[in-house]
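Geometric and topological summary
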Amino acid sequence: MTYENSLTFAQKLDEQDELKAYRNKFHIPVIDGKETIYFTGNSLGLQPKSTIDYINTELKDWAQWGVEGHFLAKNPWFAYHEMFAEPIAKIVGAKSEEVVVMNNLTVNLNLLLVSFYRPTENRYKIICEAKAFPSDQYALEMQVKNAGLNPEETIIEIAPREGERTIHNEDIIAAIEDAGDSLACVMIGGVNYFTGQVFDMKAITDAAHKVGANCGFDLAHGAGNIELKLHEWNVDFACWCSYKYLNSGPGGVSGVFINERHCNNTDLPRFAGWWGQEKETRFLMEKGFKPMKTAEAWQMSNAPVLSMAAHKAAIDIFDEVGMDKLLKKQKMISGYLEFIVDDVNELLTSSDKSLEIITPRDWKERGCQVSVIAHGYGKDLFDTLTKEGVISDWREPNAIRMAPIPLYNSFEDIYRFGEILKSAIDN
Ligand SMILES: *Cc1c(COP(=O)(O)O)cnc(C)c1O
């Protein structure tokens, strides 16, 4: 598509946008009486206007029924989490038995590593990307230490090549082949949180399996953003949070994928609690853990219904829209942001100033996010953008991360951002 940097062009795209009605289903933050240009849906997605009713329904049922709400509530709490299996499976490309919603992301990452990082004397190494999200780095470090191993000798980090910003998939695959028999597990952020790079998850999974290792992905920046086919790619495990692209509220519940091969293996080591126990015997309160044969077997506790109600409000919107339409607009709107940043960059004539997009240019290797290094600028550029109503994310020393979200960002948002950026770089 050929883009133009003009208000009429942006408005024309908005008119043609088949998702345009959805913007009004979200609360767009207002600052100083003006709607903000919200580009941080990759950090905290916006609140659907329906969320309050979903939560209120549960509060009312709790008031009316007390404990009986587990079975008598409109959405019985005993089985509340089960309502997510079908719609979440569609979002991540899984079978409904392979997904469950529970806990928070880093908790789930640790639980999955308990099952899928099982170091032995000869097979103990783990591969991840360099500069992974810190929470993931800490989880890996301590899983390794818990196994009595030294992180320095155990964790292999794959970095971009000298002078480059993103990682070559073939470098990950080469490292997997190099580690060979010594490799126990690969655990990578499927979409890098900093650059927005999407990794070739199928090729990485295949390579890991070839050397006999497990392979999993942290999809905090993937779920609800990019096309995922976790089952078809034969991924072993994955987890994601619901408060970024999935709009389910701060600290919202996390989702987990466990390949059916592993769900069927009731001998697989794991941490356990009563909500993972077979339903037939769960309330007999007897000794002896008998896991369910679905991803639910990794649940330990009963469902946090209030935060799940917020998740349900958001997931119902995803289910109504479907990933196909989201992906179609995602390509167009992130492409438009890329175009606008490039267009503004052309105005910069001084040699020490430029706006460098570090997100892959190929749309197949990115989702919504566009990350920009503002060479020659400091945090005052970001502060000016914020003052003018652009909510984006700043990383020291000079990176701006932005994610236009298909459900609620408009093409006009992008155009207006370009105008603000233009006057900000002039000052
Ligand atoms: C956002 C994010 C987290 C946050 O973890 P929580 O447990 O939800 O606080 C972890 N890992 C990655 C890769 C993230 O992007």
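Residues numbered from 1 in each chain as written. Predicted model: local features only at pLDDT ≥ 70, side-chain atom pairs only at ≥ 80, totals over all residues. Heavy atoms only, no water.

Moving on: the site of the ligand. Around the ligand sit L105, T106, F133, D136, D218, A220, H221, Y243 and K244, and those are all the residues in its vicinity. Here a nitrogen atom of the ligand sits 2.7 Å away from a polar atom, N or O, in the side chain of D136. Bound to the protein, the ligand loses 82% of the 390 Å² it would expose on its own. Split by residue class, the shell around the ligand holds four nonpolar, two polar and three charged. (Near = heavy atom within 4 Å. Polar contact = N/O pair within 3.5 Å; in protein donor to acceptor, adjacent residues only side chain to side chain. Areas by Shrake-Rupley, 256 points an atom, 1.4 Å probe, with all protein chains shown as cover. Nonpolar A, V, L, I, M, F, W, Y, C, P; charged D, E, K, R; others polar.)

The four strands are arranged β11-β12-β15-β14 in an open sheet whose pairing can be described as antiparallel. Two strands lie at the open edges of the sheet, namely β11 (354-357) and β14 (393-395), each paired on one side alone. Adjacent strand axes in the sheet meet at a mean angle of 25°, parallel and antiparallel pairs treated alike. Pairing between β11 and strand β12 (residues 370-375): four bridges, direction antiparallel. The residue of β12 that forms the bridge with S354 is H375. Across the sheet, helix α13 (residues 323-345) is in contact with β11, β12 and β15 (399-402); its angle to β11 comes to roughly 155°. The sheet contacts of helix α14 (residues 379-387) involve β12, β14 and β15, and relative to β14 the element is tilted by about 170°. (Pairing = 2+ DSSP bridges. Helix = DSSP H or I, 4+ residues; strand = E, 2+ residues; numbered from the N terminus. Axes fitted to C-alpha atoms, helices over the stretch in contact; angles between N-to-C directions. Contact = heavy atoms within 4.5 Å.)

The periodicity of an α-helix, 3.6 residues per turn, causes residues three or four positions apart to be oriented the same way. Taking 1.5 Å of rise per residue, the 15 residues of helix α2 (residues 51-65) would be expected to cover 21 Å, and the 21 Å separating its terminal C-alpha atoms lies within 8% of that figure. Residues T51, E58 and D61 constitute the buried set of α2. On an axial view of α2, the arc spanned by its buried residues comes to 110°, and they lie on one face. Projecting away from the buried face of α2 at angles above 90 degrees are the exposed residues I52, K60, A63 and Q64. Tucked inside the fold, the buried residues of α2 contact α12 (305-321). Looking one or two places after α2, you find G66, whose phi comes out positive at around 55°. (Expected span 1.5 Å × (residues − 1). Buried < 20%, exposed > 50% of the residue type's maximum accessible area, 1.4 Å probe, protein only. Arc of directions from axis to C-beta.)

Within the fold, R123 resides in the loop between α5 (105-116) and β5 (125-129). Under the relative-accessibility criterion, R123 is labelled partly exposed at 24%. Beyond its immediate chain neighbours, meaning those up to four positions away, R123 contacts R118, G180, D181, S182, L183, A184, V211, G212 and A213. Among the polar contacts listed, one links the side chain of R123 to the backbone oxygen of V211, at a separation of 2.9 Å.

Moving on to the packing of helix α4 (residues 85-92) against α12. The N-to-C vectors of α4 and α12 enclose an angle of 55°; their axes lie 10 Å apart at closest approach. Considered as vectors, α4 and α12 are oriented oblique to each other. α12 is crossed by α4, and the crossing has left-handed handedness. Contacts between α4 and α12 involve P87, I88, K90 and I91 from the former and H311, I315, F318 and D319 from the latter. In the contact of α4 with α12, the residues fall into five nonpolar, one polar and two charged. (Parallel < 35°, antiparallel > 145°, perpendicular 65-115°, else oblique. Left-handed = near helix turned anticlockwise from the far one by under 90°.)

Okay, the nonpolar core next. Formed by 69 residues in total, the largest nonpolar core has its most connected members in V92, I176, V186, L230, W240 and L407. Residue-level mapping places this core at the junction of two domains, with at least three residues from each of domain 1 (7-47 + 323-426) and domain 2 (53-320). Residues within four places of L230 in sequence aside, it is in contact with V92, G93, L219, V235, A238, W240 and F257. By size, the runner-up hydrophobic cluster in this structure holds 34 residues, among which are Y377, L381, F411 and I420. (Core = buried A, V, L, I, M, F, W, Y, C linked by side-chain atoms within 4.5 Å. Domains from an automatic or database assignment.)

What follows deals with the domain arrangement of the chain. When its domains are assigned, the chain resolves into domain 1 (7-47 + 323-426) and domain 2 (53-320). Taking only C-alpha atoms into account, the centre of domain 1 sits 29 Å from that of domain 2. With 33 residues of domain 1 at the contact, the number on the domain 2 side is 24 residues. Here domain 1 and domain 2 share an interface that buries about 2300 Å² over both sides, 58% of which is from carbon and sulfur atoms. Remark: the boundary between domain 1 and domain 2 carries one salt bridge. The tally of links between domain 1 and domain 2 comes to 13 residue pairs in polar contact (both at pLDDT 80 or more). Elements that contribute at least two residues to the side of domain 1 that touches domain 2 include exactly α13, β12 and β15. (Buried area = accessible area lost by both parts, 1.4 Å probe. Salt bridge = Lys/Arg side-chain N within 4 Å of Asp/Glu carboxyl O.)

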